[in-house]
Amino acid sequence: MNVIVGQSGGPTAVINASLAGVYQAAVNSGAKKVYGMKNGIAGLLSEKIVLLNEVLDDDLKIELLKRTPSSFLGSCRYKLKSFETDTTEYEKVFSLLKKYEIECFFYIGGNDSMDTIAKLSAYGKKIGSNVRFVGVPKTIDNDLMITDHTPGYGSAAKFVATTMKEIIRDATVYGTEYVTIVEIMGRNAGWLTAASALARGGDCDGVDMICLPEIPFTVEGFIRKVAEMQKKKNSIVIAVSEGVKLPDGRYVCELSDNVQDVDSFGHKKLTGTARFLANECAKRLKTKTRAIELSTLQRCSGHLASRTDITEAYQVGGAAVLAAVSGQSGVAITLDRISDKPYQCKTGVVDVNKIANYEKKIPIEWINETHTDMEQAFLDYARPLIQAELPPFYVDGLPYHITLKA
Ligand code: F6P
């Protein structure tokens, strides 16, 4: 058999470990040719494909791929039209699958990317195709339904908690009034912002406030809480999600004058929340402030990746191939937790329609009563996911990456 694999949506530090998992398992299962879509489904529609057997031709390259952040094949945010109204894109995809004699199609992505798997498998069923379509989960946002967590989250959480500890060290040096606001990705779910709670420990007091999109936000309430905290301590460090929303449903960042692009899934580009809130604090509380937007750093920091995360990312890739080989289609791979202590997880398979286009939020009982911090249950959930390290290969003092030549 020949297979094809693509990467889609926002990258993570470990999405390439899933690509390595798919590649290795496909070769071990007897796949003759493993193709990669360049820039996901959008690239495939223009026949932008690469023969991975030629570029991943030795074990060292596979090992390098596992330790290279971001999407090796390139990515896209592209929503297929509904085939009920227009079959053009589907005809194109299925004619290419036929041309390259592809029997299995793997797509590594989040809830939007699972929409692609759901649509292609449904269309395939309709036309009687026996190509199998399997989704491989990834996203730093950790917002996929059913799965215990998503590959990519553990490494981003480790980066956020580490960076918070370092920011807290820096923010306390002057001993004078100072408000630091750190903006963290995650769109409408606060999983990654909540990971800032992991910073607290014997050597660190932790962040002073966590603002999640799960909890309606008011600027007045925020300023009041900061003023209260300032009565007790000089340096305040706050973790705020890029997706915090006002009671009327607008994102807080929409109050700033940033240009708000929208992608093909209708998602607004979220940025500027920390800057806006820091300006409000400076104006209203006459205090020194600093806004830090972690932005891209939190999803591409391969040097801080969690080994647990890399291992699981690789495993879900392999599990996807096994699912396809056993004849399953229109499914996605999940991580199913067996226990916290010791931490154990296995892979599972679920109907992709139960994941596509849904968002999983943090359970409200994992947020404390004042909505400013996380409960122990969250810490027990997240702590195992950030465990252990797998450093990059260093050359000339810098991480060495594998890249796809144009
Ligand atoms: O894919 C998830 C994510 O990293 C979100 O946390 C973030 O809002 C979004 O992607 C940013 O997307 P882009 O890089 O396309 O602007």
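Here the residue numbering is sequential within each chain, running from 1 through the sequence in written order. Predicted model: local features are reported for residues with pLDDT of at least 70 only, side-chain atom pairs are reported and counted for 80 or more only, and whole-chain, interface and lining totals are derived from all residues. Excluded from the side-chain calculation are hydrogens and water; included are all heavy atoms of the structure.

Turning to the site of the ligand, a few remarks are in order. If even one non-hydrogen atom of a residue comes within 4 Å of a molecule or strand, that residue is called near it. Around the ligand, the neighbouring residues are Gly-10, Arg-77, Ile-140, Asp-141, Met-185, Gly-186, Arg-187, Glu-242, Lys-269 and Arg-299. Side-chain polar atom of Asp-141 to an oxygen atom of the ligand: 2.6 Å apart, as the coordinates give it. The separation between an oxygen atom of the ligand and a polar main-chain atom of Gly-186 is 3.2 Å. Here the open area of atoms and residues is found with the Shrake-Rupley method and a 1.4 Å probe, where only the protein chains shown may cover a residue. Protein chains shield 80% of the accessible area of the ligand, which is 400 Å² for the free molecule. Any pair of nitrogen or oxygen atoms within 3.5 Å is treated as a polar contact; in protein, a donor-acceptor pairing is required on top of that, and neighbouring residues in sequence qualify only through side-chain atoms on both sides.

Segmentation of the chain into domains returns domain 1 (2–140 + 303–357 + 388–400) and domain 2 (153–300). Between domain 1 and domain 2, the C-alpha centre-to-centre distance is 32 Å. Domain 1 puts 19 residues into the contact, and the matching count from domain 2 is 17 residues. The largest contributions to the domain 1 side of the interface with domain 2 come from Arg-77, Ile-140 and Leu-304, which together make up 43% of the buried area. Think of a salt bridge as a Lys or Arg side-chain nitrogen and an Asp or Glu carboxyl oxygen that are within 4 Å of each other. Across the contact surface, domain 1 and domain 2 share one salt bridge. A salt bridge links Glu-389 to Lys-158, with the shortest nitrogen-to-oxygen separation between them at 2.6 Å. Residue ranges for the domains trace back to a domain assignment, done automatically or taken from a database. Here, residues are in contact when the closest pair of their heavy atoms is within 4.5 Å. Here the quantity called buried area is the accessible surface, traced with a 1.4 Å probe, that two parts lose on coming together, added over both.

Moving on, we come to the environment of Phe-276. Within the secondary structure, Phe-276 is located in helix α10 (residues 273–285). Three labels apply to residues, based on accessible area from a 1.4 Å probe with only protein chains included: buried if under 20% of the type maximum, exposed if over 50%, partly exposed otherwise in between. With a relative accessible area of 13%, Phe-276 lands in the buried category. Placed 95 residues apart in sequence, Phe-276 and Ile-181 show a C-alpha to C-alpha distance of 9.8 Å. Note on conventions: DSSP H or I runs of at least 4 residues are helices, E runs of at least 2 residues are strands, and numbering of each starts at the N terminus.

A cis amide bond links Lys-341 with the next residue in sequence, Pro-342, at an omega value of 0°. With respect to the element layout, Pro-342 can be found in the loop between β10 (331–339) and β11 (344–351). A positive phi angle, near 55°, is found at Arg-187, a position not held by glycine. Relative to the helices and strands, Arg-187 resides in the loop between β6 (178–184) and α8 (191–194). Relative accessible area serves as the criterion here: at 15%, Arg-187 is assigned to the buried category.

For the rest of this paragraph, the subject is the sheet that holds strand β8 (residues 235–241). Being paired, for any two strands, means DSSP has found at least two bridges between them. Ordered in space as β7-β8-β6-β9, the four strands form an open sheet in which the pairing is parallel. Each edge of the open sheet carries a strand with a single partner, namely β7 (209–211) and β9 (289–293). Across the sheet, the axes of successive neighbouring strands diverge by a mean angle of 15°, strand direction being ignored. Of the pairings in the sheet, the one linking β6 to β8 comprises seven bridges and is parallel in character. The residue bridging Tyr-178 from the neighbouring strand is Ser-235, located in β8. Sheet contacts for α10: β6, β8 and β9; angle to β9, the most-contacted strand, approximately 175°. The axes are straight lines fitted to the C-alpha atoms, using for helices just the contacting stretch, and the angles between their N-to-C directions are given from 0 to 180°.

Counting across every chain of the model gives 19 salt bridges. Here Glu-103 ties to Arg-132 by a salt bridge, and the two come within 3.5 Å at their closest N and O atoms. Of the two residues, Glu-103 sits in strand β4 (residues 102–109) while Arg-132 sits in strand β5 (residues 132–137), which places them 29 residues apart along the sequence. Given the relative accessible area of 16%, Arg-132 is considered buried.

Spatial ordering of the open sheet is given by β3-β2-β1-β4-β5-β10-β11, a layout of seven strands whose pairing is mixed. Every other strand in the sheet has two partners, leaving β3 (49–51) and β11 as the edge strands with one partner each. Between one strand axis and the next, the sheet turns by 30° as a mean value, whatever way the strands run. Here six bridges tie strand β1 (residues 2–7) to β4, and the two strands are oriented parallel to one another. When the bridges of β4 are listed, Ile-4 appears paired with Phe-105. Packed on one face of the sheet, helix α12 (residues 307–325) meets β4, β5, β10 and β11 and runs near 165° to β5.

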